[in-house]
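Spelled out, the chains give:
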Amino acid sequence: FIYPLFVHEEGSEAIPIASMPGCMRHTAESLLAEVESALAVGVSSVVLFPKVPEARKTQGAEECFHPEGLVPVVIRSLKERWPELCVVTDVALDPYSSDGHDGLVAPDGRVLNDETVALLCKQALTQAEAGADVIAPSDMMDGRIAAIRDALDGAGHTEVSILSYCAKYASAFYGPFRDALDSAPRGGDKKTYQMDPANAREALREVALDEAEGADMLMVKPAGPYLDVIRRVREATTLPIAAYQVSGEYACLKAAAQQGWLDERKVVLESLISIRRAGADVILSYFAKQAAG
Ligand code: PBG
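Quick summary incoming for the structure in this document. Counting starts from 1 at the beginning of each chain's written sequence and moves along it residue by residue. Predicted model: local features are reported for residues with pLDDT of at least 70 only, side-chain atom pairs are reported and counted for 80 or more only, and whole-chain, interface and lining totals are derived from all residues. No hydrogens and no water enter the side-chain calculation; it runs on all heavy atoms of the structure.

### Focus on the side chain of Thr-237
To be explicit about the condition: Going along the chain from the N terminus, every DSSP run of H or I of four or more residues is numbered as a helix, and every run of E of two or more is numbered as a strand. Per-residue accessibility, obtained with a 1.4 Å probe over protein chains only, is compared with the maximum for each type, and a residue is labelled buried under 20%, exposed over 50%, and partly exposed between these values. Any pair of nitrogen or oxygen atoms within 3.5 Å is treated as a polar contact; in protein, a donor-acceptor pairing is required on top of that, and neighbouring residues in sequence qualify only through side-chain atoms on both sides. Two residues qualify as a contact provided that any one of their heavy atoms is within 4.5 Å of a heavy atom in the partner residue.
Inspection of the secondary structure assignment puts Thr-237 in the loop between α7 (227–236) and β11 (241–245). A residue is classified by how much of its surface remains accessible, and Thr-237, at 6% relative accessible area, is buried. Within the structure, Thr-237 has its side chain in polar contact with the backbone nitrogen of Leu-239 (distance 3.0 Å). Not counting the four nearest positions on each side in its chain, Thr-237 is found in contact with Val-207, Glu-211 and Leu-218.

Structural data, given as structure tokens:
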């Protein structure tokens, strides 16, 4: 498992996420307690998602490579306490962008691929400098895996690996996540860079590109509604495959369980086993701690 965790800096309290019952947006301190309890049940990898205060969001998303930003500060505190913890970081501009897009937005509304890739490299380097073990670009720009690999190697971070969000679909199942981080696009949608849910073959083109560019691990996202894609990707590469059971998948299962309509323990384990059966070696899930326990 890789356990996704939300973190914010304003206020002193952790905040429950309404559309994800049981999940919190953590403070830097409450995050440590959550990681400790995850480690206690054998979950030793986490991925961090920040909520950046509105005032620090800009069109250029410069906060994403600030060495004293929330993510680098949290990485350092985690690695100081648990050097063996595997810290995975998200690379994309959406939490830092006043446009709420994963890339830079031109005045005409287009998302600028190559200009974005240069920024993603700076973001990845900042995270690696802070001690991240695995860089996970979720932005879906073209050419970013090769560029980030070059940037990391050029700065001596040859040991830092890249988990590519390889087949990431333009999914409505990301809704609760965007609520949790207030990161929904302010205009338009993400369909010019995320994939069309109707298209399975495109996933195989993304696999070929990311593999050639030097990714260490490939991800399919969402997981449950895309089990066929996990299987096809599994058969198209020898790299390890990760699958992300996203916020909306979590919300569906939790809501039905809370109503007493489904047996939570059984459906959660069945959903995870299905993702594994489809071919995932690694699962990102908000149920990680619960399921491991
Ligand atoms: C953004 C990002 C998203 C998720 C992970 N990274 C949302 C999006 O693409 O809009 C979604 C995760 C989830 O729904 O649990 N780069």
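### Digging into the site of the ligand
How we decide: Only a single heavy atom is needed: when it lies within 4 Å of a molecule or strand, its residue is near that molecule or strand. Working definition of accessibility: Shrake-Rupley area with a 1.4 Å probe, residue cover restricted to the visible protein chains. For this scheme, ten residues count as nonpolar: Ala, Val, Leu, Ile, Met, Phe, Trp, Tyr, Cys and Pro. Four count as charged, namely Asp, Glu, Lys and Arg, and the remainder, Gly too, count as polar.
Around the ligand, a shell composed of 18 residues is seen, among which Arg-178, Lys-190, Lys-221, Ser-247 and Tyr-286 lie nearest. Take Lys-168: an N or O atom from its side chain is 2.8 Å from an oxygen atom of the ligand. Within the side chain of Lys-190, one N or O atom sits 2.7 Å away from an oxygen atom of the ligand. Burial of the ligand by the protein amounts to 100% of the accessible area it has alone, namely 410 Å². A per-class count over the shell around the ligand returns eight nonpolar, three polar and seven charged.

### Description of the layout of surface pockets
Any space left empty among the atoms is revealed by the rolling of a water-sized probe across them. What counts, and what does not: Put plainly, a pocket is an open set of points on a 1 Å grid over the protein atoms alone with protein on both sides within 12 Å along at least five of seven lines, a cavity is a set where a 1.4 Å probe fits but cannot get out, and a lining residue has an atom within 4 Å of a point. Grid points are joined across faces, edges and corners, and a volume is the space filled by probe spheres set on the points.
For the largest pocket, the calculated volume is near 210 Å³. The wall of the largest pocket is formed by 14 residues, among which Tyr-3, Gly-22, Cys-23, Glu-34 and Tyr-286 lie closest to the centre. Among the secondary structure elements, those contributing two or more residues to the lining of the largest pocket are β1 (3–8), β3 (24–26), α8 (247–258) and α10 (288–292). At four residues, the largest contribution of residues to the lining of the largest pocket is made by β1. The residue inventory of the lining of the largest pocket, partitioned by class, reads eight nonpolar, three polar and three charged. Space inside the second largest pocket adds up to approximately 170 Å³.

### What to know about helix α9 (residues 264–278)
As a reminder of what qualifies: Expected helix span is computed as 1.5 Å times (number of residues minus one). Along the arc lie the directions from the helix axis toward the C-beta atoms.
Between its terminal C-alpha atoms α9 stretches 21 Å, which fits the 21 Å expected from 15 residues at 1.5 Å a residue. Those residues of α9 that fall on the buried side of the exposure criterion are Val-267, Val-268, Ser-271, Leu-272, Ser-274, Ile-275 and Ala-278. For α9, the arc enclosing every buried residue in end-on projection is 155 degrees, short of the 170-degree limit, so these residues lie on one face. Structural note: α9 exposes Arg-265, Lys-266, Glu-270, Ile-273 and Arg-277 on the side pointing more than 90 degrees away from its buried face. Residues of α9 that are buried in the fold lie against α7, β11, α8, β12 (282–285) and α10. For α9, the side-chain oxygen to backbone nitrogen distance between the N-cap and Arg-265 is 3.2 Å, and the N-cap itself is Asp-263. Looking one or two places after α9, you find Gly-279, whose phi comes out positive at around 130 degrees.

### Things to note about the sheet that holds β3
Note the threshold: A pair of strands is treated as paired once DSSP finds two or more bridges between them. For every element, the axis is a line fit to its C-alpha atoms; helices are fit only across the contacting stretch, and the angle between N-to-C directions ranges from 0 to 180 degrees.
Strand order across the open sheet formed by 10 strands is β2-β3-β1-β4-β5-β8-β9-β10-β11-β12, with mixed pairing between neighbours. In the strand order of this sheet, the two ends are held by β2 (15–16) and β12, each with one partner. Bridge count between β11 and β12: four bridges; the pairing is parallel. Pairing of Ala-242 across the sheet is with Val-282, part of β12. Contacts from α7 reach β9 (161–168), β10 (217–221) and β11, with the element oriented near 170 degrees to β11.

### Re the side chain of Asp-102
Summarising the element assignment, Asp-102 is placed in the loop between β5 (86–91) and β6 (104–105). Take Asp-102: its relative accessible area is 0%, and that puts it in the buried class. Setting aside residues up to four positions removed in sequence, Asp-102 forms contacts with Ala-92, Leu-93, Asp-94, Thr-116, Ser-138, Asp-139, Met-141, Lys-168, Lys-190, Tyr-193 and Gln-194.

### A look at the environment of Thr-238
Among the secondary structure elements, Thr-238 is positioned in the loop between α7 and β11. When its relative accessible area of 78% is taken as the criterion, Thr-238 is described as exposed. For Thr-238 and Ser-285, which are 47 residues apart along the polypeptide, the C-alpha to C-alpha distance reads 23 Å.

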